[in-house]
Amino acid sequence: QRLPELLRQMPKAELHIHIEGSLEPELIFALAQRNGVALPYADVESLRRAYAFTNLQSFLDIYYAGASVLLHEQDFYDMAWAYFERAAADNVVHAELFFDPQTHTERGVTMATVVHGLHRACVDAGQKLGVNASLILCFLRHLSEESAFETLEQALPFRDKFISVGLDSSELGHPPEKFARVFARCKELGLHLVAHAGEEGPPAYIWSALDVLKVERIDHGVQAVHDAALMQRLAQDRIALTVCPLSNQKLCVFPDLADHNLGKLLEAGLAATVNSDDPAYFGGYINDNFTQVFAATGLTARHAYQLAFNSFEASFAGNADKRAWE
Ligand code: ADE
Ligand code: ZN
């Protein structure tokens, strides 16, 4: 019992959480009612029964449908606030939240509505819960380069309210190169850069996220184990991988949690971290990810300390924050 307690109690940073993926079925139904949005599910139970995924795309279809209940600034605030309460309970002291503006702007919700609601929750998380929080704007890779540029343009009036851009959604068939010019522009703007790569996609996508997009972290990255030269590169440059064990299990990246390669990544000297991805859909928040992957794969307290350390080292928290944590 001591190891699960250590995992739960240790301070940690969460670096891979899609805030739209924290929408619990109960909140989806409450917001649908509040906003007069019709859902293709009769009740919370039948929605939850639909959470049986076979791959990334089968999840994304339901995830985008769930986000359709978000219309007003307060909706975005309420969603993020519910996550922060869970995060604080899991001893998360620093969180970097992905959000997918195109999911909302394509439905006529303005960028201002999305960013203001999420940002206000981030401010309150710091003041009321002691969770230091910031935002990462993600481009949807199944949409065009043009749509990504348009999204960046819409976001620039709020440049001070996000620290980084990311790249998510359907990976296969949408290699990082598609967004080379968008990421180059974001780099010029002084934004941090991250991208999902090697979740379902090949090691080649991780190479191009690094060498073409110039990202500082790789989200997921678990397919790197199939390329020894890539493993060396990631270890040498201490490129963090934001790994999400329960997500990988639920999306059938690994048939069983016991097959997860987190231990292999750590033993190879990679800066892996543990995160929740879309906790409302994958059966647990960050502490569930820690306790379940440790129990299934036999990781030890030494790995726990390393993972907590990696999460702070890989975070985009300022140096003042990092000194305060020492
Ligand atoms: N959007 C939300 N969760 C995602 C994931 N695990 N991979 C890619 N895009 C996502
Ligand atoms: Zn993700």
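Model, not experiment: these values are computed from the prediction.

Side note on the nonpolar core
- Counting 91 residues, the largest nonpolar core has Ala-80, Leu-97 and Leu-118 as the members making the most contacts within it.
- Every residue in contact with Ala-80, bar those within four places of it in the chain, is listed here: Ile-19, Leu-97, Leu-118 and Ala-121.

What about the site of ligand 1?
- The environment of ligand 1 is made up of His-18, Gly-21, Leu-56, Tyr-63, Asp-168, Ser-169, His-196, Glu-199, Ser-247, Asp-277 and Asp-278.
- Split by residue class, the shell around ligand 1 holds two nonpolar, five polar and four charged.

Observations regarding the UniProt feature "site: Important for catalytic activity" (unreviewed entry) in the protein
- Per the UniProt record, "site: Important for catalytic activity" (unreviewed entry) is annotated on His-220.
- Structurally, His-220 is set in strand 6 (residues 217–220).

Topic: the pairing of strand 8 (residues 271–274)
- The alternating pattern of strand 8 places Ala-271 and Thr-273 on one face and Ala-272 and Val-274 on the opposite face, and all of these are buried.
- Both strand 7 (residues 240–243) and strand 8 contribute to a ladder of four bridges, which runs parallel. From the neighbouring strand, Leu-241 faces strand 8, where its bridge partner is Ala-272.

Here we look at the UniProt feature "binding site: substrate" (unreviewed entry) in the protein
- As annotated in UniProt, the feature "binding site: substrate" (unreviewed entry) corresponds to Asp-278 in the numbering used here.
- For Asp-278, the location among the structural elements is in the loop between strand 8 and helix 14 (279–282).

Overview of helix 16 (residues 301–313)
- Its 13 residues give helix 16 an end-to-end C-alpha distance of 18 Å, which sits within 8% of 18 Å, the value for a rise of 1.5 Å per residue.
- All buried positions along helix 16 are accounted for by His-303, Leu-307, Ala-308, Asn-310 and Ser-311. All buried residues of helix 16 project into a common sector of 160° when viewed along the axis, lining one side. Exposed positions of helix 16 whose direction lies more than 90 degrees from the buried face are Arg-302 and Tyr-305.
- Next to the buried residues of helix 16 lie strand 1 (12–18), strand 7, helix 13 (262–267) and strand 8.

Thoughts on the sheet that holds strand 2 (residues 92–99)
- Pairing is parallel in the open sheet, where eight strands are placed in the order 1-2-3-4-5-6-7-8. Of all the strands in the sheet, just strand 1 and strand 8 have a single pairing partner and so form its edges. Taken over all neighbouring pairs, the strand axes of this sheet differ in orientation by 25° on average, direction set aside.
- As paired strands, strand 6 and strand 7 are joined by three bridges and run parallel to one another. Paired with Ile-218 across the bridge in strand 7 is Leu-241.
- Of the strands in this sheet, strand 5 (192–197) and strand 6 touch helix 10 (residues 203–211), which is tilted by about 170° from strand 5.
- Taken strand by strand, helix 15 (residues 286–297) contacts strand 1, strand 2 and strand 8, and its axis lies near 115° from that of strand 8.

Description of the packing of helix 5 (residues 73–89) against helix 7 (residues 111–129)
- Where helix 5 contacts helix 7, the axes come no closer than 8 Å and their chain directions differ by 30°. The two elements helix 5 and helix 7 meet at a crossing, and its hand is right-handed. From helix 5, Glu-73, Gln-74, Asp-75, Phe-76, Tyr-77, Ala-80, Trp-81, Phe-84 and Ala-88 reach across to helix 7, where they touch Thr-113, Val-114, His-116, Gly-117, Leu-118, Arg-120, Ala-121, Asp-124, Ala-125 and Leu-129.
- The class makeup of the residues in the contact of helix 5 with helix 7 is eleven nonpolar, four polar and four charged.

What to know about the confidence of the model for the protein
- Taken as a whole, the protein shows an average pLDDT of 97; of its residues, 100% reach a score of 70 or greater.
- Per the prediction output, this complex has pTM 0.98; the corresponding ipTM is 0.98.

Conventions adopted
- Residues numbered from 1 in each chain as written.
- Chains lettered and ligands numbered in written order.
- Predicted model: local features only at pLDDT ≥ 70, side-chain atom pairs only at ≥ 80, totals over all residues.
- Core = buried A, V, L, I, M, F, W, Y, C linked by C-beta atoms within 7 Å.
- Buried ≥ 20, exposed ≤ 12 C-beta atoms within 10 Å, placed from the backbone.
- Contact = placed C-beta atoms within 7 Å.
- Near = placed C-beta within 6 Å.
- Nonpolar A, V, L, I, M, F, W, Y, C, P; charged D, E, K, R; others polar.
- UniProt positions renumbered as here; feature names shortened; annotations may be inferred.
- Helix = DSSP H or I, 4+ residues; strand = E, 2+ residues; numbered from the N terminus.
- Pairing = 2+ DSSP bridges.
- Expected span 1.5 Å × (residues − 1).
- Arc of directions from axis to C-beta.
- Axes fitted to C-alpha atoms, helices over the stretch in contact; angles between N-to-C directions.
- Left-handed = near helix turned anticlockwise from the far one by under 90°.
- pLDDT = per-residue confidence, 0-100.

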